[in-house]
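# Reading the structure
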Amino acid sequence: MRAVVQRVTRAQVDVAGETVGEIGPGLMVLLGVTHDDTAEVAGRLAAKIWGLRIMQDEQSAADLDAGILVVSQFTLYGDARKGRRPSWTAAAPGPVAEPLYDEFCAALRRLGATVAEGVFGADMQISLVNDGPTTLILEM
């Protein structure tokens, strides 16, 4: 499982012109799932992100009860080392990835996070204000 985590002052995701999720301030998480990921991995990554001390004054989202916006992002597993057309073979297919995306969001909620979500598999438009800028890539 791979995540791009950004500290944001605000973030929102729109689908077909309607806002489906928004937070501010908090963390924007783009989440990619690969073939061998499990619910256990999703839970560990959720706990890592919830406790990550990247908010102001070295606090975590948990310390501040900051919101987390999670958007599925299979392109995080794109491989463009050869040619000009990326390969997506490392990304898990929807029937595998969607339940693990849902489990990741559920794990965050079990930890006490307020979670906003995109729509799995939809064409989404994301807007955000990166605070810092602070951006990390995490992998489990």
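One can find the structure itself at the top, above this paragraph.
Below or above, wherever it landed, is the structure these notes cover. (Residues numbered from 1 in each chain as written. Predicted model: local features only at pLDDT ≥ 70, side-chain atom pairs only at ≥ 80, totals over all residues. Heavy atoms only, no water.)

## Quick look at the overall build of the chain
When you go through the chain residue by residue, the secondary structure sums to 3 helices and 6 strands. Mapped from its N terminus to its C terminus, the chain presents α and β elements in the order β-β-β-α-α-β-α-β-β. Taking 14 Å as the expected radius of gyration for a compact globule of 140 residues, we find that the chain reaches 15 Å, a close match to that expectation. C-alpha extents for the chain along the principal axes are approximately 45 × 35 × 25 Å. (Helix = DSSP H or I, 4+ residues; strand = E, 2+ residues; numbered from the N terminus. Rg over C-alpha atoms; globule rule 2.2 N^0.38 Å.)

## A look at the environment of glycine 17
Among the secondary structure elements, glycine 17 is positioned in the loop between strand E1 (2–15) and strand E2 (18–23). Taking the relative accessible area as the measure of exposure, glycine 17 reaches 72% and is therefore exposed. Separated by 108 residues in sequence, glycine 17 and glutamine 125 place their C-alpha atoms 8.6 Å apart. (Buried < 20%, exposed > 50% of the residue type's maximum accessible area, 1.4 Å probe, protein only.)

## Points about the packing of aromatic side chains
Each pair of aromatic rings is reported with the distance of its centres and the angle of its planes. Throughout the structure, instances matching the rule amount to 2 aromatic pairs. Measuring from centroid to centroid gives 5.8 Å for tyrosine 101 and phenylalanine 120, while their planes differ by 50°, and the two rings are tilted. One end of the pair, tyrosine 101, is in helix H3 (residues 94–110); the other, phenylalanine 120, is in the loop between strand E5 (115–117) and strand E6 (124–139), with 19 residues separating them in the sequence. (Phe/Tyr/Trp six-rings, centres within 6.5 Å; stacked < 30°, edge-to-face > 60°.)

## A look at the layout of surface pockets
Of the volumes computed, that of the largest pocket is approximately 280 Å³. Lining the largest pocket are 18 residues, and of these Ser72, Gln73, Phe74, Gly121 and Met124 sit closest to its centre. Of all elements in the fold, only strand E3 (26–32), strand E4 (67–72), H3 and E6 reach the threshold of two or more residues within the lining of the largest pocket. Residues that form the lining of the largest pocket fall into these classes: 11 nonpolar, 6 polar and 1 charged. (1 Å grid on protein atoms, 1.4 Å probe; cavity = no way out; pocket = protein on both sides within 12 Å on 5 of 7 lines; lining within 4 Å. Points joined across faces, edges and corners; volume = space filled by probe spheres on them. Nonpolar A, V, L, I, M, F, W, Y, C, P; charged D, E, K, R; others polar.)

## Focus on the pattern of salt bridges
Two side chains with opposite charge may pair up if their charged atoms get near one another. Applying the stated criterion across every chain, the model contains 7 salt bridges. Note that aspartate 131 is salt-bridged to arginine 7, the shortest N-O span being 3.3 Å. Of this pair, aspartate 131 sits in strand E6 while arginine 7 is found in strand E1, placing the two residues 124 residues apart along the sequence. With relative accessibility at 22%, the residue aspartate 131 sits in the partly exposed group. Judged by relative accessible area, arginine 7 falls into the buried class, the value being 9%. The salt bridge involving arginine 81 is made with aspartate 79; its shortest N-O contact spans 2.7 Å. Judged by relative accessible area, arginine 81 falls into the exposed class, the value being 73%. (Salt bridge = Lys/Arg side-chain N within 4 Å of Asp/Glu carboxyl O.)

## Some remarks on helix H1 (residues 39–51)
The first and last C-alpha atoms of H1 sit 18 Å apart over 13 residues, in line with the 18 Å expected at 1.5 Å per residue. Listed as buried for H1 are Val41, Ala42, Leu45, Ala46, Ile49 and Trp50. Taken end-on, H1 shows its buried residues confined to a sector of 160°, consistent with a single buried face. In this fold, the buried residues of H1 make contact with E1, E3, helix H2 (61–64), E4, H3 and E6. (Expected span 1.5 Å × (residues − 1). Arc of directions from axis to C-beta. Contact = heavy atoms within 4.5 Å.)

## Quick look at the packing of H1 against H3
Helix-helix packing is described using two parameters, namely the angle between the two axes and the distance between the axes. Their axes nearest at 8 Å, the elements H1 and H3 cross at an angle of 40°. The pairing of H1 with H3 is recorded here as oblique in orientation. In this structure, H1 meets H3 at a crossing whose hand is right-handed. Between H1, through Ala39, Ala42, Gly43, Leu45, Ala46, Ile49 and Trp50, and H3, the contact on the second element is made entirely by Leu100, Glu103, Phe104, Ala107 and Leu108. Looking at side-chain class alone, the contact of H1 with H3 contains 10 nonpolar, 1 polar and 1 charged residues. (Axes fitted to C-alpha atoms, helices over the stretch in contact; angles between N-to-C directions. Parallel < 35°, antiparallel > 145°, perpendicular 65-115°, else oblique. Left-handed = near helix turned anticlockwise from the far one by under 90°.)

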